[in-house]
Amino acid sequence: QHLASLKDLPSQTALADHVCCSMAEISNGNAEPAEVSKAKSEGWQKVRKVLRVQRAVSALRELPALKRLKESAQRRSLALTRASTVVVEQFTRKANRALCVYLLEEGHDEGVLGETADVALDFHEVEVGEAVGKPDLLLTNIPFAFDEGADHSVVQWYNSLPDLLKEDLHYAPIELQRLTAQRTYTHAIADALENMLCVRQIATKLADGTQSASNSFPSIVKPTSKTNHMRFLVFNDKGLESVQSKISGKCVVDEFVEKSALYHVFVIDMNIFVAQRPCLPYINTEMTSTELKKVAEEIGGELTDSPDEGRYLAFDSEAFAARSKCGEGLPLDEVPELSKIAGKLEQVANTLTDALGLGMFGIDILLDKENEDTFHLVDLTLMPAFNGTDDMLAVTALHLFEECQQRAVRVDIRSAVKNPKEVVDLMIAQHPGWSDVDREAVTINVLSASTKGDKTGLVASLAAEGKETLVCRLRGIVERTAFERAIADKMMDSPNTPLMGSYFGSRVLIGYTEGLIKGAQLEQVLDQVDRHSLCYSLGAALRSLHTREIDVQSPDYLGVPLCVSRLRTYSIIACEAVNHVEPLQLHFKDVFAAVQSYDVSRLPPEARQEVFGHFDCNLTNILVDMTAPMEEAPKVHFIDWEQAGPNIAAYDFGKFLVSYMIAVPVDNNALEAMLTALVEGYAPEWDTLAKARFKTSLLAMMPYVAAVNFMSNVRHAATEVGDRWVKRGLAHYDIFAKYKHSWKDLM
């Protein structure tokens, strides 16, 4: 009833608060604080989705490029199939032209992007070579599309690029495409979801062709490669042996779920759309050969039933799907059959969005008709095909548009990393106090820089005669830049200045400037700082931070403390990634087993209180001003708010302690003194019992924080060259192993 009034409110925060107040009114003001907090977080997520669709529809009316993209999508039903590649023209800040999209489709009997590839020219009558001379984004569901060496201008151009540029071009990272092409990856993700979110996975075993992988029949046997669409319904051990001999290499053996319904689930920028797919008919091991032959005819398959080969039914899954029309993609809340699992499905979608690092992907689920609050994750697809409603097309078009903007921003920031003078040009053009500055007279000090994927960014201090020294921050993720700037605006004494770029006819925030904070990174002055004074000052600084009213929401906030959602996400990613990091594999089993029992509700109320936290209070993100007055020394400041957001109060302390103890050996007596000083600085007014509870909680958070960081280290170690992340993982495991008993002491 309140949704009609939401669009008239000025901000997302006001919208969330409005929903919360409405829910509180319904409960006559008798709701417990935890219920109000839950209502607010749920309201926030719902409103965020409503706003997303409204903004998409509004943007389509205002931006010609988006309007054309949506019209094209409607004509083609957005058929982003395995045989399709969408190519988006390159855009730079200097060439302010409209966004153009071209769809390349392979011929039915030819290789991917072969010579006979048909080109759908949506906007311009141009040749293939001209249209895709320098594309900016590739959407494809074929991981090895460009490894085939087909004689095609697009392939020739693509193969001539350096590896870094190839990686930049793909909507989904190349390595992720290679992984998801194997069913073993999907099952590893499903297994992690089952452990972390209690989402049931279909009982699955991996068979190597030499032994039986299942004692439960009927079973479905699939090749591990998703490019092979043959499926085998197997009814006995002999049939399984025969099928395994027909499939070269390994195969996946799945439990067959009787009386189920199959659904495509499309996740597009946090919105969920669902389409029902044709499902196999009811089958069991008691059926006669005559009955199974009828089933084979119905699904376009062939039955084998003999003493020598056993009993199995072979069919092509794509041919079967083509025999029945797939339903239209509808919003999740418009599919009543899924109402009992909607909440859990949203949790899975949100977690996978973070884990994959993608705003658009698809999953297939089986709904158990005899137990409608149970579903199974059976497949993960990076580029799903679908027929969508207008809202679905609008959200998809806006997402692709913003992704193209994001890539263009990243290109410009990489250019600035190579030539920091470009930052000076931005400052002179956009900062009101720098318009009269001589470009050549500016001193630039690069504080940090990266050109890797979503880590792309540049932080530099700029000094000019007669001007206050400023810090310029450029980030490779537009949404995160806006968030970090909003936080900096709250934390800094002076307002910051936004730095804008123009991309595809729309203004985009690419960075901001802020005043230079006095002080040195704690990592550099550890031996100069008194430990007790440092801990007391840090506790006071965290008290100041945690008691602030911050109405800016972290982009990845999912309605639970960030330490909970991020531990879950990092663990799911690490479940597969650890297979590529041998030195951390044994340790992973120990950590993963422990994190499944981590429940922050076990912490006392002082420690689990939800606050606005920094999340990354390591020694490089803490500045210490040694020149502050004696009564304030050492004065502590925090920098780098990229990871900040709603979290439990104890987490920031745990992060500091873990980071400190990796750098400096600390015995038990020294640790006890540090805990005492931290708590005294944080809450001097608490009674003795409350302080004791909080100290116990800080100890318990050390293995928790170490586990979060270990899982993150595994993810990075699997994809980056060198042993830096392995060493960090081992260091975090040492802290985890040393203090894991402190979490158990809470039980």
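Quick summary incoming for the structure in this document. Think of each chain on its own: its residues are numbered from 1, step by step along the sequence as written. In keeping with the predicted nature of the model, local features appear solely for residues at pLDDT of at least 70, side-chain atom pairs appear and are counted solely at 80 or more, and the whole-chain, interface and lining totals rest on all residues. The side-chain quantities take in all heavy atoms of the structure and omit both hydrogens and water.

1. What about the sheet that holds strand β14 (residues 360–368)?
When DSSP finds two or more bridges between a pair of strands, those strands are recorded as paired. Secondary structure is summarised from DSSP: a helix means a run of H or I of at least four residues, a strand means a run of E of at least two, and numbering begins at the N terminus for each. If you trace the five strands from one edge of the open sheet to the other, you get β13-β10-β9-β14-β15, paired in antiparallel fashion. Whereas interior strands pair on both sides, the edge strands pair on one side only; in this sheet they are β13 (330–331) and β15 (375–381). Taken together, the nine bridges between strand β9 (residues 260–268) and β14 define a ladder with antiparallel strand orientation. Looking at the pairing, A261 lines up with L367 of β14. Working rule for contacts: check all heavy atoms of both residues, and any pair within 4.5 Å makes them a contact. For helices, the axis comes from a line fit to the C-alpha atoms of the stretch in contact; other axes are also lines fit to C-alpha atoms, and the angle between any two N-to-C directions lies between 0 and 180 degrees. The sheet strands contacting helix α13 (residues 342–356) are β9, β10 (271–277), β14 and β15, and the helix crosses β14 at an angle near 145°.

2. Description of the packing of aromatic side chains
We call Phe, Tyr and Trp rings a pair once their centres come within 6.5 Å, taking the six-membered ring for Trp, and we label the pair stacked below 30 degrees between planes, edge-to-face above 60, and tilted otherwise. Taken as a whole and judged by the stated rule, the model has 16 aromatic pairs. Ring geometry for F653 against F694: centres 5.4 Å apart, planes inclined by 90°, an arrangement best described as edge-to-face. Taken together, the residues span a long stretch of sequence, with F653 in helix α22 (residues 649–663) and F694 in helix α24 (residues 688–719) at a distance of 41 residues. Exposed residues in this analysis have more than 50% of their type's maximum accessible area, buried residues have under 20%, and partly exposed residues fall in between, with area computed by a 1.4 Å probe over protein chains only. Given the relative accessible area of 0%, F653 is considered buried.

3. Considering unusual backbone geometry
Excluding glycine, most residues fall at negative phi; most peptide bonds, likewise, are trans. The phi torsion at F615 lies on the positive side, around 80°, for a residue other than glycine. Within the secondary structure, F615 is located in the loop between β22 (610–613) and β23 (622–625). Phi at D640 is positive, roughly 65°, even though this residue is not glycine. Position of D640 relative to the elements: it lies in the loop between β24 (635–638) and β25 (645–648). Relative accessible area serves as the criterion here: at 22%, D640 is assigned to the partly exposed category.

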